[in-house]
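Take a look at the letters that make up each chain.
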Amino acid sequence: MGDYSFIFQTLFRGIGIAITYWWTYLPLLLAFVLYQLWMRYKVTEFVMSIKWVLLEIKPPPDVQKSPKIAENIFAALHAVYTGKPIGRKARFFEGKLQPWFSFEIVGENGQIRFYIHPPEDLRNVVEAQIFAQYPDAEIGVAQDYVAQLPKSLPNDDYDLFGAELIFTKEDAYPIKTYPFFEEESGKDEFKRTDPLAPLMELLSALNPGEHIWLQLLARPTGGDWAKEAQAVVDKIIGKKPKASTIQKIVDGINSLLPLGGTSAPEKKEEKKEEFSVQKLTPGQKFVLEQVENKIAKLAFKCGYRFLYIAKKDIFNRSRISGVTGMFKQMYSNNMNTFKPNPDTGTAPKGFLHSIFPSDKGFFANQQAYERKWKIYQKYKDREFMDKVTILNTEE
């Protein structure tokens, strides 16, 4: 009982101190809240001021070129990057953000459509790069297809499943890309396994009232992320991470303190083992090569968003497995792959779900409705994700 008494005394003493000295921390707390509200207001104002355009892309019926051509398009679109992160002054007073693109694949009524949603002032850049690589493609301004459905979902007629995808490992680890799915068989000719083929079959087989929407948001970024990626390289080669400033201070103090009443021991020089690629296993060599290849190329901050919308009487959950199966093809055990972001998934388990046999806790249905509504609105607005992944032009 004494232990609980001490805990309560400490708790009430802390509350008393907080009440007595509220004037010291409350202004700081209010300043932080006001700053967050101001930044949200300015960013929203800036995004609302951007004029967007939706372009429908009709690719040539038979593309014989390597996907390397498409990689060149992404590399060219990276040119809209300003070259350095947007300054704090521009963010604070203007809410300025780096512009982004939305690349979308839509399946409905047995038809498949491809869209790009860029800022209007970048439309010419997008069209020029696509025509440069695919002269026979057709590009035109399209009506927004999301307007055909109700403004708010789910409702009495429609249900939906939604997910945002994130990496299972650090951004430095790449996914399987097109070189893994093709073999050169001659000059400018390739034997290719198309990882999109199962998805195209699925989209073309949708019944009236079923919709599958895939959205890739991509914002060019600089090489700042490579510093974190370098830590992955160091981990693979067995290089010890650099000590933090705090660790250096602690080590310095320890070196001055006597040990067991004696003077500080002399620091023995550690023998540094030089790194050799020959010491790595074949698997480690492969991963190291792939990571360094990813770091070497231009990169985008990206996010995948996927929606399956259907009338309730024909809602088919196997459609969801068909789409996630397409992403599984990018899986490799020693590299990266995608998984649903648990914070945005539309099938939450609710509070205290672990104590229920059904694994469905309190307010699960309410949470599910709120998340479905939110991800639908974010898709319609092409809102950038809170949690992003880094993809280079090849990925």
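Everything numeric here is computed off the predicted structure, so don't read it as measured data.

Student: Looking at this structure, how should I read the packing of aromatic side chains?
Tutor: Remark: the centre distance and the inter-plane angle together describe each pair of aromatic rings, the angle taken between the planes. Applying the stated criterion across every chain yields a total of 20 aromatic pairs. For the ring pair Phe161 and Phe306, a centre distance of 5.9 Å and an interplane angle of 55° mean the geometry is tilted. On the criterion of sequence distance, the pair formed by Phe161 in strand 5 (residues 158–167) and Phe306 in strand 9 (residues 299–311) is long-range, its members being 145 residues apart. Phe306 matches Phe161 in its accessibility class, with the two residues each being buried. Between Phe167 and Phe338 the ring centres are 5.2 Å apart and the planes differ by 35°, which places this aromatic pair in the tilted class.

Student: Which parts of the structure should I look at to understand the packing of helix 3 (residues 68–77) against helix 5 (residues 123–133)?
Tutor: Their axes nearest at 10 Å, the elements helix 3 and helix 5 cross at an angle of 155°. By the angle between their directions, the pair helix 3 and helix 5 is classed as roughly antiparallel. The two elements helix 3 and helix 5 meet at a crossing, and its hand is right-handed. Mapping the contact onto sequence places Ile69, Asn72, Ile73, Ala76 and Leu77 in helix 3 and Val125, Val126, Gln129, Ile130 and Gln133 in helix 5. Looking at the contact of helix 3 with helix 5 residue by residue, the classes come out as 7 nonpolar, 3 polar and no charged.

Student: I keep staring at empty space enclosed by the protein and nothing clicks. Help me out?
Tutor: A probe as big as a water molecule, rolled over the atoms, marks out the empty space that is left. Summed over all chains, the structure comprises 1 cavity of 30 Å³ or more. Forming the boundary of the largest cavity are Pro174, Ile175, Thr177, Gln290, Asn293, Lys294, Asn392, Glu394 and Glu395. When residues in the lining of the largest cavity are grouped by element, the largest group, 3 residues, is from helix 9 (residues 282–296).

Here is what the cut-offs are and how they apply
Residues numbered from 1 in each chain as written. Predicted model: local features only at pLDDT ≥ 70, side-chain atom pairs only at ≥ 80, totals over all residues. Heavy atoms only, no water. Phe/Tyr/Trp six-rings, centres within 6.5 Å; stacked < 30°, edge-to-face > 60°. Helix = DSSP H or I, 4+ residues; strand = E, 2+ residues; numbered from the N terminus. Buried < 20%, exposed > 50% of the residue type's maximum accessible area, 1.4 Å probe, protein only. Axes fitted to C-alpha atoms, helices over the stretch in contact; angles between N-to-C directions. Parallel < 35°, antiparallel > 145°, perpendicular 65-115°, else oblique. Left-handed = near helix turned anticlockwise from the far one by under 90°. Contact = heavy atoms within 4.5 Å. Nonpolar A, V, L, I, M, F, W, Y, C, P; charged D, E, K, R; others polar. 1 Å grid on protein atoms, 1.4 Å probe; cavity = no way out; pocket = protein on both sides within 12 Å on 5 of 7 lines; lining within 4 Å. Points joined across faces, edges and corners; volume = space filled by probe spheres on them.

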